[in-house]
Amino acid sequence: ARLAFLFDAIFPAFYATVTAPVPAVSVDLRYDFAGPISDDAAPDGWALFEFTTRDFADGWAVEDATAWNRNGRALGFARQVRKLLGRTARVIV
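Treat the numbers as computed from the prediction; the structure is a model and nothing was measured. (Residues numbered from 1 in each chain as written. Predicted model: local features only at pLDDT ≥ 70, side-chain atom pairs only at ≥ 80, totals over all residues. Heavy atoms only, no water.)

Peer 1: Account for the overall build of the chain, naming residues and giving values.
Peer 2: Counting secondary structure elements, the chain contains one helix and four strands. Element order for the chain, N to C, with α for helix and β for strand: α-β-β-β-β. Here the chain holds 93 residues, and 28% of them are scored as buried. Long-range contacts, defined here as pairs at least 24 residues apart, represent 65% of the contacts in the chain between residues at least 6 apart. Looking at the chain as shown, the accessible area adds up to about 6,300 Å², and 57% of this sits on carbon and sulfur atoms. If you average the places of the 10 positive and of the 11 negative side-chain charges in the chain, the two averages end up 5 Å apart. (Helix = DSSP H or I, 4+ residues; strand = E, 2+ residues; numbered from the N terminus. Buried < 20%, exposed > 50% of the residue type's maximum accessible area, 1.4 Å probe, protein only. Contact = heavy atoms within 4.5 Å. Areas by Shrake-Rupley, 256 points an atom, 1.4 Å probe, with all protein chains shown as cover. Lys, Arg positive; Asp, Glu negative; His and termini not counted. Charge placed at Lys NZ, Arg CZ, Asp CG, Glu CD.)

Right under this line is the structure:
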């Protein structure tokens, strides 16, 4: 449950590419876990997360996320599809 929360708690990755926040709602959110996640998967409580925007156009955004433990073992994956609301802020090039 904590890993699922962290996948969704971070601001949208595409925010790093726009001049102002863009209102968006989740249309689809999927989690895939790489197996049982026990307390010894990250005994020190740390994990590395990577968030990637796969597509950001025409009023939609698709983002992927991966989490690894300190030893490089994948803990889980997420994909979130967002519908952008209102006017899209200017993209920083």
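Alright, that's what it looks like, and here's the rest.
Peer 1: Any details on the pattern of salt bridges? Residues and values, ideally.
Peer 2: Considering all chains together, one arrives at four salt bridges under this definition. We note a salt bridge from Asp 32 to Arg 30, for which the minimum N-O separation is 2.8 Å. Overall, Arg 30 belongs to the partly exposed group, its relative accessible area being 49%. For Asp 64, the salt bridge goes to Arg 54, with nearest N and O atoms at 2.7 Å. Linking Asp 64 in strand E3 (residues 60-68) with Arg 54 in strand E2 (residues 48-57), this pair joins segments that are ten residues apart in sequence. (Salt bridge = Lys/Arg side-chain N within 4 Å of Asp/Glu carboxyl O.)

Peer 1: Describe the sheet that holds strand E4 (residues 74-84), naming the residues involved and giving the relevant values.
Peer 2: Spatial ordering of the open sheet is given by E1-E4-E3-E2, a layout of four strands whose pairing is antiparallel. Edge positions in the sheet fall to strand E1 (24-33) and E2, since each has one partner strand and no second. Geometrically, the sheet is characterised by an average inter-axis angle of 15° between neighbouring strands, direction not taken into account. Of the pairings in the sheet, the one linking E2 to E3 comprises nine bridges and is antiparallel in character. Residue pairing for E3: Phe 56 is matched across the bridge by Ala 61. (Pairing = 2+ DSSP bridges. Axes fitted to C-alpha atoms, helices over the stretch in contact; angles between N-to-C directions.)

Peer 1: Could you give an account of the environment of Pro 23, with specific residues and numbers?
Peer 2: Its location among the elements puts Pro 23 in the loop between helix H1 (2-9) and E1. Given a relative accessible area of 45%, Pro 23 falls into the partly exposed group. Through-space distance from the C-alpha of Pro 23 to that of Arg 82 is 9.6 Å; in sequence the pair is 59 residues apart. If sequence neighbours within four positions are ignored, Pro 23 has contacts with Lys 83, Leu 84 and Leu 85.

Peer 1: Now, about a nonpolar patch on the surface: what can you tell me, with residues and values included?
Peer 2: A grouping of Val 25, Val 27, Trp 60 and Leu 85 is seen on the molecular surface, where their side chains present a nonpolar patch of about 330 Å² in accessible area. With respect to the helices, strands and loops of the structure, Val 25 is situated in strand E1. (Patch = residues over 30% accessible without salt bridge, like charges linked within 9 Å, V, L, I, M, F, W, Y side chains within 5 Å.)

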